[in-house]
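Per-entry structural report
Chain by chain, the residues:
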Amino acid sequence: MPGDNVVLIGFMGVGKSTIGRLLARRLGRCFVETDDVITAGEGRSVPEIFRRDGEARFRQLEGETLEALALKSGDVIATGGGLPCQEGRMARLRELGTVIWLKGDLQVALERARRSGARPMLAGRSFDDLEALCREREPYYRDAQLSIDTTGLTIDQVVARILSLLRGREKSAPQVTGGRGPLRSTDPAAAPPNV
Ligand code: S3P
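First, a word on scope: everything that follows refers to the structure included in this document. (Residues numbered from 1 in each chain as written. Predicted model: local features only at pLDDT ≥ 70, side-chain atom pairs only at ≥ 80, totals over all residues. Heavy atoms only, no water.)

Re the side chain of Arg-89
Mapping Arg-89 onto the fold places it in helix α5 (residues 89–96). The buried charged residue Arg-89 lacks any salt bridge, with Glu-62 as its nearest oppositely charged partner at 4.1 Å. Among the polar contacts made by the side chain of Arg-89, one reaches the main-chain carbonyl oxygen of Arg-59 at a distance of 2.9 Å. One polar contact links the side chain of Arg-89 to the main-chain carbonyl oxygen of Leu-83, over a distance of 3.0 Å. (Helix = DSSP H or I, 4+ residues; strand = E, 2+ residues; numbered from the N terminus. Buried < 20%, exposed > 50% of the residue type's maximum accessible area, 1.4 Å probe, protein only. Lys, Arg positive; Asp, Glu negative; His and termini not counted. Salt bridge = Lys/Arg side-chain N within 4 Å of Asp/Glu carboxyl O. Polar contact = N/O pair within 3.5 Å; in protein donor to acceptor, adjacent residues only side chain to side chain.)

Some words on α5
Along an α-helix, residues three or four positions apart point the same way, because every turn accommodates 3.6 residues. Of the positions making up α5, those classed as buried are Arg-89, Met-90, Leu-93, Arg-94 and Leu-96. In a view along the axis of α5, the buried residues occupy a sector of 150°, so they form one face of it. Next to the buried residues of α5 lie β1 (5–9), α4 (55–68), β3 (76–78), β4 (97–103) and α7 (127–141). Positive phi shows up at Gly-97, right after α5, with a value of about 155°. (Arc of directions from axis to C-beta. Contact = heavy atoms within 4.5 Å.)

These figures come from the coordinates and say nothing about function on their own.
Here is the structure:
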């Protein structure tokens, strides 16, 4: 059923990939990362795309990937941290399913991001720069249907919270149909509840 994906958004290093992978396993669903879709399509890494073609080209590829994701159904999707942060992107993401904003302590997220691989957006940026970037992105992230503050939580605890939130939404959804269970969003663009 279209619109029944679970979409994880949030700043670099907040744990979208790790949490998404485990969540997908728990739900018996496929896991998709937008960065992987882009690198598979391009045959080169994210840093290489930034280096050769610049950030604007990467953002364009993110836009194309977002359109291609409309074909997905029932998946857990983790987006790159910057993907939602352009006009209209959050609306498209919300059409894909339940969008969950993972947020947490920025210092911790950045340490994790720096440890776990090449991220061109970190290069040459101070903590203050990245804090400003994060603040710029928050109005977009805030358009998610749900949000979870991961501060002090283990991966298992975050996944358990997501599962319980999704179950809560399933119960309150007026139309309950389909094989793997509906996770369709039906509520208006309210501020995401904090868990
Ligand atoms: C980016 C985040 C990265 C990746 C790219 C740009 C960003 O993904 O898409 O390096 O602009 O925040 P993660 O959020 O998975 O680190």
